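Structural overview for review
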Amino acid sequence: MSETMQVDAARAAAEQTPVMRQYFAAKQAHPDCLMFCRIGDFYELFYEDAIVAARELQLTLTARDREKKQPMCGVPYHAAEQYIQRLLRKGYRIALCEQMEDPKLTKKIVRREVTRVMTPGTVVDSGLGAEQSNWLASVAVQGASGAQGCVGLALLDLSTGELRATEFAGAGAWAQLADEVGRVRPVEMLHAEGLAPPGAAEARELAFQAGRVEAEGTGAGDAAFDSVRTRTPLEEWVFTAEYALPLLRRQFGLHSLDGVGLGTHEAAAIAAGALLHYMQKTMQGGLEHVDGVRFYERAGCLAMDAVSVRNLELVEPLFSGESAQTTLFHTLDACCTPMGRRLLRATLLRPSSELGEIEARLEAVAEAAGDLRRREGVRRAMDGLLDLERLLGRVALDSAGPREVVALGATLACLPSLREAVEIFKTARWRELRGWIFTEISTAESDHLSTGISTRFDAMEDLHELIVEVLVEEPPVSLADGGVIRPGVDPELDELRELGRSGRQALAAIEERERQRTGIGSLKVRFNSVFGYYLEVTKANSRSVPADYERKQTLVNAERFTTPELKEYETKILTAQERSGEIERRIFAELRRQLLDAAGRMRETARRVAEIDLLASFAHLAALRGWVRPEVEESGVLEFAAARHPVVERRMEESGGGRFVPNSLSLEGWFGGGVSQTGRPGEFGGGISQVSEARPFDRLRAGSGAPGLVAGASIALITGPNKGGKSTYLRQAALLVVMAQSGCFVPAERMRLGLVDRIYTRIGASDNVARGRSTFMVEMTETAAILNTATARSLVLLDEMGRGTATYDGLSLAWATVEHLHERVGARTLFATHYHELTLLADRLARLKNLRVTVKETASGIVFLHTVEAGAASKSYGIEVARLAGLPASVIGRAREVLRLHERAETQQVANALEAVDAQGAEQMTMFTPLSQRIVDRLAAVDLDGLTPREALNLLAELQRELGAS
């Protein structure tokens, strides 16, 4: 608030009315919030709050006192929710100051109090899609910031009640935290006062300063923390073990935190306790639906930083404003329920790296995919299921009206048929999957989907019957409207309703009798909130009014009267209505309490429904699109035959753009004879790890003849023209890995995958002007993170590295990067480049093989075949691609002339380099002095078998003249 505005507000607080004094008292208690003060039928905002709200909501700004110019604006209370949501999405905090008394029942100023504080992270109806979570994050720090430090992260989605926590230790803690925050993307973050979580770049710098150059975390996105919409500092004592841990134990009725995995993770537990404190501070209710906290390890999943998630378009399009149809989530979303969609999104962001878990899910998908009738029976049983988790959340936060509770009952009504549909599945692996799905214990005790779910699936028939017995089928929107409770639930309520009906009949009888007694045919019985019930007659008939009528009001054209009999009925009717409202509120509150007593049951059932939906969705897609089950194993292999990019293929089919050209690949990570626990080559202390066991690729290679298969290679160097499909090929490989480790079938003829621990991507060009970082600096930062943290189990995608600087600088860096990946990392790597000089590395590096995307040259130009095959590309066809893009013919012609000049200049470089061969070695010459592309092309086109001696001499003479030209 500006200084002038503060002075005006302070003066106004001393001079204003009692209502405004209530407003200032509430504002003083919540100075960081926009104060929505309920006055009659409106929520009013004043002073600086009014200016902000008017600007953000495009409201008309008025003045409460035009002489003193006190700004104000307001919104109708019945439409306030949509305005509040818009402000929350912009990052503002809202305090609701409600009327705590009925204005009709008090003769004094209505008491007003702040009943709830709404923030971006605590709102239930945030406007997000059903598949998205609205995460509130909390960060707690324990110990020093160096190698002994520890950072805890807790996450809460208040709309579903999901609470989980994790912890990062050592020099790389902040970098790992930055990665996790960038992946989860919370809308609000809590932290202790004085603690400013660094951005990803600063996080890496902290790690480097601590002496750990290989600190985990790519720092993908220097704005990992900056992307958090709202940061909320809390008092430092909130983040102490003495306060936070007892709060956490009381919330969940625990004697010890060991049972939820937090006993030895104090920083994570403190972060979770701070979240609960914040919920109490902002008056979010009893949080009955937040029935547990779960500790999770990042090591149990395939890790991807925010940059990789964005580059692969897993859940959001690469560019804002683009259609969500470009995402893998959209392609795989055949789910029937919102819970299933949220689980799909979470699974794509955190695919499993546990072989037993992946195999259990694949086996369940395979069984369902093989039986159309049973699979579709399960999917049909989920047709009427609404968002059970978020309906429960609204009930817990006391924001659910009668219609939401009836919708909850309708959802519960679908569960028995779903249980029956799932019971039909019978496989030998049922005991292997049950524990994995529902108790999240070690996969060694896992059970199978169908029977495991069926024997323990709680259909909650009792809760459905309770809702049906208490509420009418079609209740009004608001409880205050009345008529919510079924007849027969409460005898007193039935009597009062009957009295109300009979009272109205009695009033009609009074009206008819008084007309006959007075002879005034226009006499009417009417009602308003000021005078209650009255008799109204026109001025012309006022002389006919009996003496026992008591005048209440005189109007221009009418007189209003009452009688003792009318007063008596008025008292009965209004008392009955008021009492009926009290009884309905009491019964509805009791129903809410009974539902919340079963909150744990509902959340458990919702989790099971989500898993059933996800598996049925994967099975549906596998059967519909002819996808195959991948073979996942503990090795370093990545092989697929005739595979397709799932997103591009679907979009081509939907647009009628033709058939996607399938491609194949075979890579194997190099473990250098053994690996350490980190998986980095050369760090083992004797012995060979299980993952380094050599396994032949016979099944994939035998008789396939498919292009793109590179036997025994850990690096595939891919060359070819722009628009030829290199980037698509890279992304396709990563998406297939994500799908396979999510437990989904893949679009290929065959796929074999050794578990991947992390996917790294360096694709596309971007800069960060706000941080003063160029495109090339961003590229080098991301590449450094890859080289410092990748292991032999990783999958690395590098697309056109080094193009953001001078040609030879970029070539040198790309050359050295490939050598480092080959000699020191051993990760499965796809490296797409236009530096054709790099293809010479295939002669020097044993585990590097060249691949190329093919084109066909015709008289009218080039045709992209989009096929990947072994070998190096001869040229990049950049000018041809530019011609296809529509550049003017004059520009294309001039480009060809300039290209010829550069090729002649390269010829002279070749001559100079030849002179230095004896002194410096041929290897350096071939690295930086490529031969003229025109000479190479002419030699490649020569038919040696049909060439006569004279033609050969003439050709040599021509080439010699061209080499000698300057």
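All of the points below concern the structure found in this document. (Residues numbered from 1 in each chain as written. Predicted model: local features only at pLDDT ≥ 70, side-chain atom pairs only at ≥ 80, totals over all residues. Heavy atoms only, no water.)

Here we look at the overall build of the protein
Convention followed: Segments assigned H or I by DSSP are reported as helices when at least four residues long, segments assigned E as strands when at least two residues long, and all are numbered from the N terminus. Each residue gets one of three labels from its accessible area relative to the maximum for its type: buried under 20%, exposed over 50%, partly exposed in between, using a 1.4 Å probe on protein chains only. The contact rule is simple, with two residues in contact once any of their heavy atoms fall within 4.5 Å. Working definition of accessibility: Shrake-Rupley area with a 1.4 Å probe, residue cover restricted to the visible protein chains.
Within the protein one finds 32 helices and 27 strands. Out of the 966 residues belonging to the protein, those deemed buried represent 52%. Long-range contacts, defined here as pairs at least 24 residues apart, represent 69% of the contacts in the protein between residues at least 6 apart. Accessible surface, the protein: about 42,800 Å² in total, of which carbon and sulfur atoms supply 51%.

Considerations on unusual backbone geometry
Backbone geometry places Q58, a non-glycine residue, at a positive phi of 60°. Mapping Q58 onto the fold places it in the loop between helix 3 (47–57) and strand 3 (62–63). Phi angles above zero are rare outside glycine, and R185 is one such case at about 55°. Of note, R185 is situated in the loop between helix 5 (173–184) and strand 10 (188–192).

Regarding the sheet that holds strand 27 (residues 861–870)
Heads up, the condition is: Criterion used throughout: strands pair if DSSP finds at least two bridges between them. Structural elements are reduced to axes, namely lines fitted to C-alpha atoms, with helices fitted over the stretch in contact, and the angle between N-to-C directions of any two is expressed from 0 to 180 degrees.
Strand order across the open sheet formed by 7 strands is 13-23-24-25-21-26-27, with mixed pairing between neighbours. Of all strands in the sheet, those with a lone pairing partner are strand 13 (303–304) and strand 27, marking the two edges. Judged from the 4 bridges that link them, strand 23 (residues 758–762) and strand 24 (residues 795–799) form a sheet pairing that is parallel. Of the residues in strand 24, the one forming a bridge with R762 is L798. Helix 25 (residues 775–789) contacts strand 23 and strand 24 of the sheet and is inclined by roughly 155° relative to strand 23.

So, the packing of aromatic side chains
Just so we agree on the cut-off: Only centres within 6.5 Å qualify two rings of Phe, Tyr or Trp (six-membered ring in Trp) as a pair; their planes then separate them into stacked at under 30 degrees, edge-to-face at over 60, and tilted for everything else.
Counted under the stated rule, the structure contains 8 aromatic pairs. Consider the rings of Y23 and F46, whose centres lie 4.9 Å apart with planes at 70°: the pair is edge-to-face. Of this pair, Y23 sits in helix 2 (residues 18–29) while F46 is found in strand 2 (residues 42–46), placing the two residues 23 residues apart along the sequence. You'll find Y23 and F46 in the same group, each marked buried.

Digging into the nonpolar core
Heads up, the condition is: We define the nonpolar core as a collection of buried residues of types Ala, Val, Leu, Ile, Met, Phe, Trp, Tyr and Cys that are connected through side-chain atoms lying within 4.5 Å of one another.
Formed by 113 residues in total, the largest nonpolar core has its most connected members in L418, L665 and I759. Ranked by residue count, the leading element in this core is helix 21 (residues 599–625), at 13 residues. Residues in contact with I759, not counting those within four places in the same chain, are L302, A303, M304, S308, L312, A734, V737, V738 and L795. Grouped together as the second largest cluster of nonpolar side chains are 36 residues, L136, V238, L262 and L275 included.

Some words on the pairing of strand 27
Bridging between strand 26 (residues 848–858) and strand 27 involves 7 bridges; their strand directions are antiparallel. Each residue of the ladder has a partner; that of V853, found in strand 27, is V868. Counting the residues between successive antiparallel strands, the hairpin from strand 26 to strand 27 contains 2 residues.

Concerning the pattern of salt bridges
Formally: What counts as a salt bridge is simple: a side-chain nitrogen of Lys or Arg found within 4 Å of a carboxyl oxygen of Asp or Glu.
Summed over the entire model, instances satisfying the criterion amount to 56 salt bridges. A salt bridge links E180 to R183; the nearest nitrogen and oxygen atoms lie 2.7 Å apart. Separated by 3 residues within a single helix, E180 and R183 lie in helix 5, roughly one turn from each other. Relative accessible area serves as the criterion here: at 1%, E180 is assigned to the buried category. Take R183: its relative accessible area is 8%, and that puts it in the buried class. A salt bridge links E559 to R551; its shortest N-O distance comes to 2.9 Å. Among the charged side chains, a salt-bridge network with shared partners connects D32, R93 and E188.

Observations concerning helix 3
In terms of burial, helix 3 is largely enclosed, as 8 of its 11 residues are buried. Inspection of helix 3 places Y47, D49, A50, V52, A53, A54, E56 and L57 among the buried residues, and these make up the whole buried set. A positive backbone phi angle near 60° is found at Q58, which sits one or two residues after helix 3.

What about the sheet that holds strand 18 (residues 631–633)?
Spatially, 18-22-19-20 is the arrangement adopted by the 4 strands of the open sheet, whose pairing is mixed. The strands lining the two open edges of the sheet, one partner per strand, are strand 18 and strand 20 (663–668). Strand after strand, the sheet turns through a mean of 10° between neighbouring axes, direction not considered. Pairing geometry for strand 18 and strand 22 (residues 750–754), over 3 bridges, is parallel. Bridge pairing in strand 22 links V632 to L753.

What about helix 14 (residues 388–396)?
Within helix 14, 9 of the 9 residues are buried, which leaves the element mostly enclosed by the surrounding structure. Looking at helix 14, one finds that the buried residues are L388, E389, R390, L391, L392, G393, R394, V395 and A396. Among the structural elements, strand 8 (150–157), helix 11 (338–349), helix 15 (402–423), helix 20 (564–597) and helix 21 are those in contact with the buried residues of helix 14.

Regarding the packing of helix 12 (residues 355–369) against helix 21
Applicable threshold: What sets the label is the angle itself: under 35 degrees gives roughly parallel, over 145 gives roughly antiparallel, 65 to 115 gives roughly perpendicular, and the rest give oblique. Put simply, a crossing is left-handed when the front helix is turned counterclockwise from the back one by less than a right angle, and right-handed when it is turned clockwise. Put simply, Ala, Val, Leu, Ile, Met, Phe, Trp, Tyr, Cys and Pro go in the nonpolar bin, Asp, Glu, Lys and Arg in the charged bin, and everything else, Gly too, in the polar bin.
One way to put it is that helix 12 packs onto helix 21 with a least axis distance of 8 Å and a crossing angle of 60°. The angle between the axes of helix 12 and helix 21 places the two elements in the oblique class. Seen from above, helix 12 lies across helix 21 with right-handed handedness. Mapping the contact onto sequence places R361, A364, V365, A368 and A369 in helix 12 and E611, L614, L615, F618, A619, A622 and A623 in helix 21. Among the residues making up the contact of helix 12 with helix 21, the classes are represented as 10 nonpolar, no polar and 2 charged.

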